[in-house]
2 protein chains.
Amino acid sequence: MTSPETTPAFDLEDFLPYRLSVVTNRVSRAFASRYEAAWGLSIPEWRVLAVVGAFAPLSAAAVCERTAMDKVKVSRAVARLVRRGLLTRRRDAGDHRVRLLALGDEGRRVYAGIVPLALAIDAALTGALSQRERSGLLQALDKLDACVADLDDTPPA
Amino acid sequence: MTSPETTPAFDLEDFLPYRLSVVTNRVSRAFASRYEAAWGLSIPEWRVLAVVGAFAPLSAAAVCERTAMDKVKVSRAVARLVRRGLLTRRRDAGDHRVRLLALGDEGRRVYAGIVPLALAIDAALTGALSQRERSGLLQALDKLDACVADLDDTPPA
DNA sequence: CCGCTATAGTTGCAGATGAAACTAAATCTC
DNA sequence: GAGATTTAGTTTCATCTGCAACTATAGCGG
C-alpha cells in the first residue's frame, strides 16, 4: 500500500494517545483550578487527602498503590499536607520504617468539603454522557490500561 | 441525604478525572519511551514533527492550534528540532514576524520512521477494543471535551 | 508619517517532576 | 547474631513546565 518513499497519511486527531492526552489535560486543569482556588490543594495533594480520608490509617506506600502516583510525589504531597496541619503522621509501632497517615482536625474539615465538590464535578462530566456511555468509557479505559501493560512487555516492530 | 457530620462515600476508582488521568499517563509513558529510545524525541517534539510533516510549511502558531500545545512548549520543541537539524525555519516573506517550519532532510527521514510506529501503536491499543468501543471512546472524549469548556464558564456549587 | 495596539515568537523565573542516590529500619542467611 | 539484602521514605539533581515579561514586526487611526 505504501511505496518506499511514500509516508502513509496520518491524522493526529485520530490518534488515540493524543486525543486521550488532550482531553485529560483539559479535564485535569479545570478540575485542579477549583481545588486550588478553594483550598490551595494541588492534584497530588488532593489525591492523598482523598485516600487518607477514606482509608486512614495507612502508609505512604499504600497511598502510592491506591493513587497510582510514584513514591516521590506522594512523599512531597504528604510533607506539605503535614506542614499545613491537614495530615498527621505517626510511626507504626510494629515497623519503625512505616509512618501511618491520618487526617488532622483541619484535614477532616477540608475532606468534608472536597468530597462533595468531587461528586459534583463527576456528575457534571457524567452529565454530558449517558449512563451507557459513562460505563462504556470506564470499561474502555480499563481495557486500554490492560493493553498498555502488555505493550510494555512486547515492544511492537 | 447527608447529616452534618457524615461525609458521603467516595471511591477514587470511580472518579472520572482520576481514571482518565491514570490511564492517559500510562499510555503516554509507554508511548514516549518508544520514541525516546528510537529517536530521542520527547512528546512535544514528536507532535511538532508529526504536524510539520503533514502540513509544512506552517507557522509555530499553526502548530499550536493543531497540537493543542501552548506556544512556549512549541517554541522550545521547535528550537531543539532545529538545533538537531530535523526542522528548517525561514522567515515568511510577507510577514517577518512569522517563521515558517518545514522538515529538513534528516527530518524527512525521521518522519518516515515515526508515522508507521504511531500507526502500529494505535493499532495495538485499538486492538484491545472493538471497532464499536473505539469509536464510542473517541466520541465520549469529544463530549467530555465540550463539557469541560462549559464547566469553565459555569463553576459548579 | 507617528504613535498605539495587536500578534509571533523567545526568554527568565519559579515551581513541579522523575530517576537515582541516600538513610534508616527490618529481614534474611549462614 | 554479624553482615548482606530488602523495604519505607526522603533528598538531590537535572530537566520540564507555565506564566509573565520581553523583542520585533505588523497594522490601525488620525
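Refer to the structure presented above.
Bear in mind that the values here come from a model prediction, so they are computed numbers and not experimental data.

What counts as what
Residues numbered from 1 in each chain as written. Chains lettered and ligands numbered in written order. Predicted model: local features only at pLDDT ≥ 70, side-chain atom pairs only at ≥ 80, totals over all residues. Heavy atoms only, no water. Helix = DSSP H or I, 4+ residues; strand = E, 2+ residues; numbered from the N terminus. Rg over C-alpha atoms; globule rule 2.2 N^0.38 Å. Contact = heavy atoms within 4.5 Å. Areas by Shrake-Rupley, 256 points an atom, 1.4 Å probe, with all protein chains shown as cover. Lys, Arg positive; Asp, Glu negative; His and termini not counted. Charge placed at Lys NZ, Arg CZ, Asp CG, Glu CD. Expected span 1.5 Å × (residues − 1). Buried < 20%, exposed > 50% of the residue type's maximum accessible area, 1.4 Å probe, protein only. Salt bridge = Lys/Arg side-chain N within 4 Å of Asp/Glu carboxyl O. Phe/Tyr/Trp six-rings, centres within 6.5 Å; stacked < 30°, edge-to-face > 60°. Least-squares fit on C-alpha atoms with pLDDT ≥ 70 in both. Near = heavy atom within 4 Å. Polar contact = N/O pair within 3.5 Å; in protein donor to acceptor, adjacent residues only side chain to side chain. Buried area = accessible area lost by both parts, 1.4 Å probe. Axes fitted to C-alpha atoms, helices over the stretch in contact; angles between N-to-C directions. Parallel < 35°, antiparallel > 145°, perpendicular 65-115°, else oblique. Nonpolar A, V, L, I, M, F, W, Y, C, P; charged D, E, K, R; others polar.

Visitor: Got a minute to help me understand the overall build of chain A in this structure?
Guide: Helices and strands together make up the secondary structure of chain A, namely 6 helices and 2 strands. For chain A, the sequential pattern of α-helices and β-strands runs α-α-α-α-β-β-α-α. By the compact-globule yardstick of 15 Å for 157 residues, chain A is too spread out, its C-alpha radius of gyration being 20 Å. Projected onto its principal axes, the C-alpha positions of chain A cover 65 × 40 × 25 Å. Look at the contacts in chain A between residues 6 or more apart in sequence, and 50% of them connect residues 24 or more apart. Accessible surface, chain A as shown: approximately 8,200 Å² in total, 52% of it carbon and sulfur. Counting 22 positive and 19 negative side-chain charges, chain A places the centres of these two groups 10 Å from one another.

Visitor: Can you help me understand helix H2 (residues 43–55) of chain A in this one?
Guide: A rise of 1.5 Å per residue sets the reference length of H2(A), with its 13 residues, at 18 Å; its end C-alpha atoms lie 18 Å apart and thus fit the reference within 8%. Inspection of H2(A) places Pro44(A), Glu45(A), Trp46(A), Arg47(A), Val48(A), Leu49(A), Ala50(A), Val51(A) and Val52(A) among the buried residues, and these make up the whole buried set.

Visitor: In this structure, what is going on with the pattern of salt bridges? I would like to understand it.
Guide: Where charged atoms from two side chains of opposite charge come close, those side chains can pair. Going through the model one piece at a time under the given rule, you end up with 22 salt bridges over all chains. Across the salt bridge formed by Arg134(B) and Asp14(A), the nearest N and O atoms sit 3.8 Å from each other. Of the two residues, Arg134(B) is situated in helix H6 (residues 131–153) and Asp14(A) in the segment before helix H1 (16–39); the pairing between them involves two chains. The residue Arg97(A) makes a salt bridge to Asp95(A) at a minimum N-O spacing of 2.8 Å. Overall, Asp95(A) belongs to the partly exposed group, its relative accessible area being 24%. Counted as one network, the salt bridges with shared partners bring together Glu13(A), Arg19(A), Arg26(A), Asp142(B) and Asp145(B).

Visitor: Honestly, the packing of aromatic side chains in this entry has me stumped. Any pointers?
Guide: Any pair of aromatic rings gets described here by the distance separating the centres and the angle formed by the planes. All names here are of chain A. Following the criterion strictly, the structure yields 12 aromatic pairs over all chains and no others. Measuring from centroid to centroid gives 5.2 Å for Phe31 and Trp46, while their planes differ by 80 degrees, and the two rings are edge-to-face. Within this pair, whereas Phe31 is found in helix H1, its partner Trp46 is found in helix H2, the two being separated by 15 residues in sequence. On the basis of an interplanar angle of 65 degrees and a centroid distance of 5.4 Å, the ring pair of Tyr35 and Trp46 is categorised as edge-to-face.

Visitor: How do you make sense of the relation of the copies chain B and chain A when you look at a structure like this?
Guide: Related by rotation about an axis and a shift along that axis, the two copies of the chain form a pair. Superposing chain B onto chain A requires a rotation of 179 degrees together with a translation of 0.0 Å along the rotation axis, leaving an RMSD of 0.1 Å. Given the turn and translation reported, the copies of this chain are related as if by a two-fold rotation axis. Relative to the rotation axis, the closest C-alpha in chain B is found at Leu137(B), a distance of 2.9 Å. Interface overlap between copies: 100% of the residues of chain B at the interface are likewise at the interface in chain A, consistent with a symmetric, same-surface contact.

Visitor: Just checking my understanding: could you explain the protein's contact with DNA strand C for this structure?
Guide: Neighbouring DNA strand C are 21 residues, the closest being Arg76(A), His96(A), Ala61(B), Ser75(B) and Arg89(B). Close to the protein, within 4 Å, the atoms of DNA strand C belong to sugar or phosphate groups at a rate of 59%. Note that a base nitrogen of DNA strand C is positioned 2.8 Å from one of the side-chain N or O atoms of Arg76(A). At a separation of 2.8 Å, a phosphate oxygen of DNA strand C approaches a polar backbone atom of His96(A).

Visitor: Just checking my understanding: could you explain the interface of chain B and chain A for this structure?
Guide: One widely used convention gives an interface's size as the accessible area the parts lose upon coming together. Residue-level contacts link 59 residues of chain B with 59 residues of chain A. Here chain B meets chain A over a buried area of about 6,000 Å², counting both sides, of which 71% is carbon and sulfur. Connecting chain B to chain A are 10 salt bridges. Across the pair Asp142(A) and Arg19(B) runs a salt bridge whose closest N-O atoms are separated by 2.4 Å.

Visitor: Would you mind going over the packing of H2(A) against helix H3 (residues 60–67) of chain A with me for this structure?
Guide: Helix packing for two helices is described by the angle between their axes and how far apart those axes are. Residues and elements named next belong to chain A. Interhelical geometry of H2 versus H3 gives an angle of 110 degrees and a closest axis separation of 10 Å. Of the possible angle classes, the one that applies to H2 and H3 is roughly perpendicular. Of the residues in H3, those touching H2 at Arg47, Val48, Val51, Val52 and Phe55 are Val63, Arg66 and Thr67.

Visitor: I tried to follow the environment of Ala146(B) on my own but got confused; where do I start?
Guide: Tracing the sequence through the fold places Ala146(B) in helix H6. Placed 71 residues apart in sequence, Ala146(B) and Ser75(B) show a C-alpha to C-alpha distance of 27 Å.

Visitor: I would appreciate a short explanation of the protein's contact with DNA strand D in the present structure.
Guide: Contacts to DNA strand D come from 21 residues, most closely from Ala61(A), Ser75(A), Arg89(A), Arg76(B) and Arg97(B). Protein-proximal atoms of DNA strand D, defined as those within 4 Å of the protein, fall in sugar or phosphate at a share of 54%. Side-chain polar atom of Ser75(A) to a phosphate oxygen of DNA strand D: 2.6 Å apart, as the coordinates give it. Here a phosphate oxygen of DNA strand D sits 3.2 Å away from a polar atom, N or O, in the side chain of Asp70(B). Sorting the residues of the surface near DNA strand D by element identifies H3 and helix H4 (71–83) of chain A together with helix H4 (71–83) of chain B as the ones contributing at least two each. Class assignment for the residues of the surface near DNA strand D results in 6 nonpolar, 4 polar and 11 charged.

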